[in-house]
Amino acid sequence: MFCKNCGQKMDNGVCSNCGWRADSLEIQPQLQTKKSKVLPILYIIAVVLTMITCLFLNYGIGVIMETSGLETKGGGFWFFLHAVVMLVPAYFLMKQQNLKWCAIFLLIGIGIYIIGFNYCSNIGAYYDQVLNVQVPSNDSTWDQVYNGMQSAMDDSYQEEYIQQKIMLDAIRTLVKASTFLLLVSAVVLAAGILFTTSKKTYTVLLVIACVLAVGCNLMLFFAILFMGISIRKNYAILQSEKKNKVVSTF
């Protein structure tokens, strides 16, 4: 696009020579000449696969818990709701409009996933009940052991259970911490979408977000990756929307 005032080539609707700014209606058609739906479609696939996997895993764990006499929580609704919220950004990515709203729905969707996974689903209940090993007392466990051997055997038994409890508590903590690390990843990407002013800075935050997410949930990692790359390809549109919002406030 060229400046109508001096004829110089313009960058994102602003002339670097004379400072003339094109109207937003003139900028948008220039920025949206090439629309690719590959990344948004890959994003949709990643979100849907996440939902399907979580629903099957949640159902399977629920069956195991029922056969073991443990209390189940259900929770499939939370994973479905998570997918619905996470699919909203696909519309903005395909239309290449209102890209900043992708950050809002990303944060809400990840928040719903964390609540469902940790507190309102069979998956979270499984980690709380099955992996919560209690160290049994000496009196109730070893009443049938000979008095002369009881002390030594009690010590060995207690030590074994303490080690097992420490290991399982570490697993529970690691699993739950990974979901909150996923939230940090979403916050980093959302910050890149909402607050960065250069494509280079946004790219750095995108890389950080992907590194944080890759160890938490592989499919949600791909969702964050495809959303981030799609917005990066349309970063000029994102910046144009931010500038237009700033101008409209004055």
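Everything numeric here is computed off the predicted structure, so don't read it as measured data. (Residues numbered from 1 in each chain as written. Predicted model: local features only at pLDDT ≥ 70, side-chain atom pairs only at ≥ 80, totals over all residues. Heavy atoms only, no water.)

*Asks:* Mind laying out the packing of helix α3 (residues 76-95) against helix α9 (residues 218-233), listing which residues take part and the relevant values?
*Replies:* It is the contact of α3 with α9, at a shortest axis distance of 11 Å, that shows an interaxial angle of 20 degrees. As far as their axial angle goes, α9 and α3 are roughly parallel. Judged by the twist between their axes, the crossing of α3 over α9 is left-handed. Facing α3, whose interface residues are H82, M86, P89 and L93, α9 presents L220, M227, S230 and I231. Across the contact of α3 with α9, the residue classes break down as six nonpolar, two polar and no charged. (Axes fitted to C-alpha atoms, helices over the stretch in contact; angles between N-to-C directions. Helix = DSSP H or I, 4+ residues; strand = E, 2+ residues; numbered from the N terminus. Parallel < 35°, antiparallel > 145°, perpendicular 65-115°, else oblique. Left-handed = near helix turned anticlockwise from the far one by under 90°. Contact = heavy atoms within 4.5 Å. Nonpolar A, V, L, I, M, F, W, Y, C, P; charged D, E, K, R; others polar.)

*Asks:* Please provide a residue-by-residue account of the packing of helix α8 (residues 199-214) against α9, values included.
*Replies:* Close contact between α8 and α9 brings their axes to 9 Å; oriented N to C, the two are set at 170 degrees. It follows from the interaxial angle that α8 and α9 lie roughly antiparallel. Residues K199, Y202, T203, L206, A209, C210, A213 and V214 of α8 form the contact with α9, whose participating residues are F221, I224, L225, M227, G228, I229, I231 and R232. For the contact of α8 with α9, the class distribution of residues is twelve nonpolar, two polar and two charged.

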